[in-house]
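# Descriptive analysis of the structure
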Amino acid sequence: MLHPSLAFEKGVPSDATAIPMPPPAPPPRPVDLPGVAPAASTGETPRPPERPAELSRSAPAGPDAARPAQTVKEDGKAGPSDEAAKAGETVKPTASGEIPVPPPRPADLSGSPLAVTVAPLDDSACRARLERLGARFEALPAISNGQCGAARPLKLTALADEIALTPPATLVCETAEALARWTTEAQVAATRDLGQPLKSLSIGTSYECRGQNHDPDAKLSEHSFANGVDVMAFGFAGRATISVMPATEGTPEATFLTAVRGRACDFFRTVLGPGSDAAHANHLHLDERQRNAGHRLCQ
Ligand SMILES: [Zn+2]
């Protein structure tokens, strides 16, 4: 037996119970329901524009019914009607009834759109927290360099307990706050594991417009958005600097480095260091890259 819908389409009468019935009518509109708010300027109730006459013909039947006519040529380039769109003219169906396709995506947007991190325009609450954390910083002008940049970067010069950043780091507030909070934990670890208060952090890269791992073909690094920082070494008043590197297991230096690296995962979404890959053998890379579903990369 034919499927009921096929039978219906072909005009073959079929079993009446197999013909789908329309749903029941909705209840009447309550009289006390407020109407659509009139437009503020004219006082008139807004109405959708009239359907253009060119579009009024019924949809074509057949296997291509759901596919609109396109003016894309076989080489994938846009047809002539796209020139009008590029010129900013109103796009209308052509006389032949063809529906124009949208213009191609501009080349300068062809990189990963997810790579663009938009800093919040108002970071005043973050700056207030950063001040309460004992950080010293000043606002820098917005950075805009092609796809790189930051709307509200800060120059971070010192953290709580007069821990100096050498050199100062250029970071957006969220990343600066993460660094400040993590350094508070590093101070606890320094006192516990080394018996020495932390006095400075040696900073490698903070803001820099470049691809990941200095590869110009790679996705842009979070450094490109002032959203990542490389910590090269930890300085103390009464003992030698501890550089980030694979340390001999069981030494106080190794205990300290393992502790601070582990704590970094609580404050940063990305933590890479010695053992992650060759590019991170001599520093901790810390950033706040946004990932789907809040995933972190903590190695
Ligand atoms: Zn880095």
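## Some remarks on the pairing of strand E6 (residues 198-203)
- Strand direction decides the pairing type here: strand E5 (residues 163-172) and E6, joined by three bridges, are parallel. Looking across to E6, one finds that Leu165 is bridged to Leu201.
- One crossover worth recording links E5 to the parallel E6 by way of helix H4 (residues 173-194), and it is left-handed.
- Where E6 and strand E7 (residues 228-236) come together, five bridges link them in antiparallel fashion. Looking at E7, one finds that Ile203 is bridged to Val231.

## Quick look at the nonpolar core
- In terms of nonpolar packing, the biggest core is built from 41 residues, with Leu156, Leu179, Trp182, Leu201, Phe234, Phe256 and Leu286 touching the most fellow members.
- Breaking this core down by element, the ones donating at least two residues are helix H3 (124-132), strand E4 (153-159), E5, H4, E6, E7, helix H5 (252-264) and strand E10 (284-287).
- Top contributing element to this core by residue count: H4, with 10 residues.

## Overview of the packing of aromatic side chains
- Inspection of the entire model under this criterion finds three aromatic pairs.
- Considering the side-chain rings of Phe236 and Phe256, the 5.8 Å spacing of their centres and the 70° angle between planes classify their relative orientation as edge-to-face. Linking Phe236 in strand E7 with Phe256 in helix H5, this pair joins segments that are 20 residues apart in sequence.
- For Phe236, a relative accessible area of 9% gives the class buried.
- Taken together, Trp182, Phe234, Phe236 and Phe256 form an aromatic cluster joined through their ring pairs.
- Across the ring face of Phe236, the terminal group of Arg239 is positioned such that the distance to the ring centre comes to 5.8 Å.

## Quick notes on the coordination of the zinc ion
- Within the protein, the atoms that donate to the zinc ion are His223 (NE2), Asp230 (OD), Asp230 (OD) and His285 (ND1), at distances of 2.0 to 2.8 Å.
- Mapped onto the sequence, the residues coordinating the zinc ion show the spacing H-x6-D-x54-H. Taken as a pair, His223 in the loop between E6 and E7 and His285 in strand E10 lie far apart in primary sequence, 62 residues in all.
- Owing to a relative accessible area of 7%, His285 belongs among the buried residues under this scheme.

## Some thoughts on the environment of Val172
- Considering the arrangement of structural elements, one finds Val172 in strand E5.
- According to the relative accessible area criterion, Val172 is buried, its value standing at 9%.
- A sequence separation of 17 residues divides Val172 from Lys155, and the C-alpha atoms of the two residues are 8.7 Å apart.

## Thoughts on the environment of Leu179
- Take Leu179: it is sitting in helix H4.
- A C-alpha to C-alpha distance of 9.9 Å links Leu179 and Val231, two positions 52 residues apart in sequence.

## Looking at the packing of H4 against H5
- The interhelical angle for the contact between H4 and H5, taken along N-to-C directions, is 160°, at an axis separation of 9 Å. The orientation of H4 with respect to H5, classified from their angle, is roughly antiparallel. H5 is crossed by H4, and the crossing has right-handed handedness. In contact with Trp182, Glu185, Ala186, Ala189, Ala190, Arg192, Asp193 and Leu194 of H4, H5 contributes Pro252, Glu253, Thr255, Phe256, Ala259, Val260, Arg263 and Ala264.
- For the contact of H4 with H5, the class distribution of residues is 10 nonpolar, one polar and five charged.

Parameters and conventions
- The residue count restarts for each chain, going from 1 along the sequence in the order it is written.
- Local features in this predicted model are restricted to residues whose pLDDT is 70 or higher, and side-chain atom pairs enter the listing and the counts only when it is 80 or higher, whereas totals over whole chains, interfaces and linings include all residues.
- Note: side-chain values were computed over all heavy atoms of the structure, leaving out hydrogens and water.
- Between any two strands, at least two bridges found by DSSP are needed for them to pair.
- Labels follow the DSSP assignment, with helices taken as runs of H or I lasting at least four residues and strands as runs of E lasting at least two, numbered in each case from the N terminus.
- For a crossover, the right-handed case is the one in which the path from the first strand over the helix to the second runs clockwise, viewed with the strands pointing away from the viewer.
- Take the buried Ala, Val, Leu, Ile, Met, Phe, Trp, Tyr and Cys residues and link them wherever side-chain atoms come within 4.5 Å; each set so joined is a nonpolar core.
- Buried, partly exposed and exposed residues are distinguished by accessible area as a fraction of the type maximum, computed with a 1.4 Å probe on protein chains only: under 20%, between the cut-offs, and over 50%, respectively.
- Side-chain rings of Phe, Tyr and Trp, where Trp is taken by its six-membered ring, are said to pair if the distance between their centres is within 6.5 Å; with planes under 30 degrees apart they count as stacked, over 60 as edge-to-face, and otherwise as tilted.
- For a ring to carry a charge above it, either NZ of a lysine or CZ of an arginine must fall within 6 Å of the ring centroid while also lying within 35 degrees of the normal to the ring plane.
- We call an atom a donor if it is N, O or S and sits within 2.8 Å of the metal, or 3.2 Å for Na, K and Ca. Water is not counted, so some sites may look partial.
- A fitted line through C-alpha atoms serves as each axis, taken over the contacting stretch for helices, and the angle formed by two N-to-C directions is quoted from 0 to 180°.
- In what follows, roughly perpendicular refers to angles from 65 to 115 degrees, roughly parallel to angles under 35, roughly antiparallel to angles over 145, and oblique to any angle outside these ranges.
- Handedness of a crossing follows from how the near helix is turned relative to the far one, being left-handed for an anticlockwise turn of less than a right angle and right-handed for a clockwise one.
- We call two residues contacting when some pair of their heavy atoms lies within 4.5 Å.
- Gly counts as polar in this scheme, as do all residues outside two lists: the nonpolar Ala, Val, Leu, Ile, Met, Phe, Trp, Tyr, Cys and Pro, and the charged Asp, Glu, Lys and Arg.

Keep in mind these numbers describe shape, not what the thing actually does.
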